[in-house]
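# A structural walkthrough
Listed below, chain by chain, are the residues.
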Amino acid sequence: MRGVFVDANEALAVIFERLTKPGDPKVRVHRDPDVTADRLPSVLDGADIAIVDHTALPTEIARKCAGLKHVVFLGTGARSYMNPEELAELGIAVHLIRGYGDTAVAESTIALMWAAARGIAQMDREMRAGNWLREDGMQLTGKTLGLIGFGGIAAEVARIALGGGMRVLAWNRSPKSHAGVEFVTSDKLLAESDVVSLHLLLNDETRGYLSRERIAAMKSGVILVNTARGALVDEAAMIDALKSGHIRHAGLDVFNTEPLPVDHPLTQLSNVTLSAHSAFRTPEASENLIQAAWDHCRRIVGT
């Protein structure tokens, strides 16, 4: 069996090649992070395994990828790029990588929360424009953080927030427990949280989870942080709530449309802090990610 890393940027390519071991399956690194879906059949050239970082693999394109049996997706959000059920019907298994960037994403979540609470990005913009902006921030010690969804990333966020003196609530679709965290209904979480942070996987059940009704149920002046997936939130309702002040500030790393268009309404709001879907991007997380990708390839060949 052979594989192709179809859309490697230079940093990931270097790590992938460095972690190669004697006896590993033959995997060619295609250094083109901008490769388009229509080129994948020729890039794969009959390979059994496709390693995919961020390139869409529509089902109609997958049909043209002769020999393809496995897709190793570098992350958990494969559904944003392909339809795993339809690929399964073609005999193509999709393998996900979980946990590789839990600490990296959690730290970014905390950073966005603090930046939102103190208006750091807004002050930076104003000072660069010659304006000496000074406004009261929100002190987070003693405040309540609500985590919607509780996996590895949320557990790391809870660890850091508890260390910072915050009360931590969580809601999860299945029962869980965690030291120091109070698991509550979603209604209680929305009503009592000063900060709401999203940590759900995106699927048909969670798409649009933070609806206009749930946004209205949040405390007035709440901070919203999303480092999960943009489509978890009713974007229009969020923008309305930001304009009205019902949401004090949003710290967003993910969006319905990526890259975010320059004229997008979110770029026009002063009470939004934006980052470019980069919460997971640290050297440590990248190392974990590529090691896990190699582990998948070795397991696939061994089965």
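Right above here is the structure, for reference.
Throughout what follows, the structure given in this document is the object of discussion. Bear in mind the structure is a predicted one, so any value in this text is a computation, not a measurement.

Here is what the cut-offs are and how they apply
Residues numbered from 1 in each chain as written. Predicted model: local features only at pLDDT ≥ 70, side-chain atom pairs only at ≥ 80, totals over all residues. Heavy atoms only, no water. Buried < 20%, exposed > 50% of the residue type's maximum accessible area, 1.4 Å probe, protein only. Helix = DSSP H or I, 4+ residues; strand = E, 2+ residues; numbered from the N terminus. Pairing = 2+ DSSP bridges. Right-handed = clockwise from strand over helix to strand, strands pointing away. Axes fitted to C-alpha atoms, helices over the stretch in contact; angles between N-to-C directions. Parallel < 35°, antiparallel > 145°, perpendicular 65-115°, else oblique. Left-handed = near helix turned anticlockwise from the far one by under 90°. Contact = heavy atoms within 4.5 Å. Nonpolar A, V, L, I, M, F, W, Y, C, P; charged D, E, K, R; others polar. Expected span 1.5 Å × (residues − 1). Disulfide = S-S within 2.5 Å. Core = buried A, V, L, I, M, F, W, Y, C linked by side-chain atoms within 4.5 Å.

Let us look at the pairing of strand 9 (residues 195–198). Burial of strand 9 is two-sided: the residues Val195 and Ser197 facing one way and the residues Val196 and Leu198 facing the other way are all buried. Here strand 6 (residues 144–148) runs beside strand 9; their pairing, made up of 4 bridges, is parallel. Within strand 9, the position partnered with glycine 146 by the bridge is valine 196. For strand 9 and strand 10 (residues 222–226), the ladder comprises 4 bridges, and the chain directions are parallel. Bridged to serine 197 within strand 10 is valine 225. Handedness of the crossover is the feature at issue here: the chain leaves strand 9, passes through helix 9 (residues 212–217), returns alongside strand 10, and the resulting connection is right-handed.

In this section: the packing of helix 1 (residues 10–18) against helix 11 (residues 283–302). Contact geometry for helix 1 and helix 11: axes closest at 9 Å, N-to-C directions at 50°. When the interaxial angle is binned, helix 1 and helix 11 end up oblique. Crossing handedness for the pair helix 1 and helix 11: right-handed. Seen from helix 1, the contacting residues are Leu12, Ile15, Phe16 and Arg18; seen from helix 11, they are Ser286, Glu287, Ile290 and Trp294. Across the contact of helix 1 with helix 11, the residue classes break down as 5 nonpolar, 1 polar and 2 charged.

The end-to-end C-alpha distance of helix 5 (residues 102–118) is 24 Å, a good match for the 24 Å that 17 residues give at a rise of 1.5 Å each. For helix 5, the buried fraction is high: 12 of the 17 residues fall into the buried class. Looking only at helix 5, the buried set comprises Asp102, Ala104, Val105, Ala106, Ser108, Thr109, Ile110, Leu112, Met113, Ala115, Ala116 and Ala117.

Further remarks concern the state of the cysteines. Under the counting rule described, the total for this entry stands at 0 disulfides. The thiol of cysteine 65 is not disulfide-bonded; the next cysteine sulfur, from cysteine 297, is found 16 Å away. Overall, the relative accessible area of 0% leaves cysteine 297 in the buried class.

Moving on, we get to the environment of valine 35. In this fold, valine 35 is placed in the loop between strand 2 (26–29) and helix 2 (40–44). Every residue in contact with valine 35, bar those within four places of it in the chain, is listed here: Val6, Asp7, His30, Leu40, Val43 and Thr55.

The next thing to look at is the pairing of strand 1 (residues 2–5). Side chains on a regular strand alternate between the two faces of the sheet. As paired strands, strand 1 and strand 2 are joined by 4 bridges and run parallel to one another. Among the inter-strand pairings, glycine 3 is bridged to a residue of strand 2, identified as valine 27.

A word on the nonpolar core. In terms of nonpolar packing, the biggest core is built from 32 residues, with Ile148, Ile215, Met238, Ile247 and Leu266 touching the most fellow members. Sorting the residues of this core by element identifies strand 7 (167–171), helix 8 (186–192), strand 9, strand 10, helix 10 (235–244) and strand 11 (247–252) as the ones contributing at least two each. Leucine 266 has contacts with Glu235, Met238, Ile239, Leu242, Leu252, Phe255, Val272 and Leu274, leaving out every residue within four places of it along the chain.

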